[in-house]
Amino acid sequence: MRVLVVYCHPVETSFAAALHQEVVRNLQAAGHEVDDCDLYAEGFNPVMSREERLGYHDVPHNQEPLRGYVDRLRAADAIVLCFPTWCFGLPAMLKGFFDRLLMPGVAFDISDPANVKPMLTNIKRISAVVTYGRPRWMAWYMGDPPRKMVTRYMRRLTASQARVDYHAYYHMNVATEPRLTAFKARVGQAMAKFA
């Protein structure tokens, strides 16, 4: 399976970085072809320009600023997202990636605005490895936008065909080494069985 791994964290010594390495290592060991997209390392610009917004509905010209990323997304059979939750949301870099990439003609067909059609039907699997600073109950109280983005919106863009996993570690603020190690091992096992 060709897996697009989208990683978003600016610090190479973070726990998110260790999780990212675990994801990639286990996917490759399981025989998957991994396209490792590290948004910070690639210098991705998350800011949608005025020109992009004005041309947002102009398919296929709207895809030109992100042609390489569009091609990578279309070539994928699966997506694995690896990111921290900040302020109960996606990091700005990842939010900008979604805002710019999940556009008409790529993620959905809006030629009939009353009947928008999903276009990411090439994606059969979606998984996310996510950390939260606060406990699960607080994320739930805040509506847990990252979980909904992955398990609802992303899945909807696949015509609700993709199987979705969401691996979350809550309350990083009081994390202990044994708990982090155990979570990382669970993530590794999940990626080793990814299908």
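First things first, this report covers the structure right here in the doc. (Residues numbered from 1 in each chain as written. Predicted model: local features only at pLDDT ≥ 70, side-chain atom pairs only at ≥ 80, totals over all residues. Heavy atoms only, no water.)

1. Focus: unusual backbone geometry
Reasoning step 1: Residues Val-59 and Pro-60 are joined by a peptide bond in cis, for which omega reads 0°.
Reasoning step 2: Residue placement: Pro-60 occurs in the loop between helix 2 (50-54) and helix 3 (67-75).
Reasoning step 3: Although it is not a glycine, Asp-144 adopts a positive phi angle of roughly 45°.
Reasoning step 4: Along the polypeptide, Asp-144 turns up in the loop between helix 5 (136-141) and helix 6 (145-156). (Helix = DSSP H or I, 4+ residues; strand = E, 2+ residues; numbered from the N terminus.)

2. With respect to the packing of aromatic side chains
Reasoning step 1: Under the counting rule described, the total for this entry stands at seven aromatic pairs.
Reasoning step 2: Relative to Phe-97, the ring of Tyr-69 lies with its centre 5.8 Å away and its plane at 85°, an arrangement referred to as edge-to-face. With a gap of 28 residues between them, Tyr-69 in helix 3 and Phe-97 in helix 4 (residues 92-101) connect regions that are remote in the sequence. Like Tyr-69, the residue Phe-97 is buried in the burial classification.
Reasoning step 3: These aromatic residues form a ring-pair network of at least three members: Phe-44, Tyr-69, Phe-97 and Phe-98. (Phe/Tyr/Trp six-rings, centres within 6.5 Å; stacked < 30°, edge-to-face > 60°. Buried < 20%, exposed > 50% of the residue type's maximum accessible area, 1.4 Å probe, protein only.)

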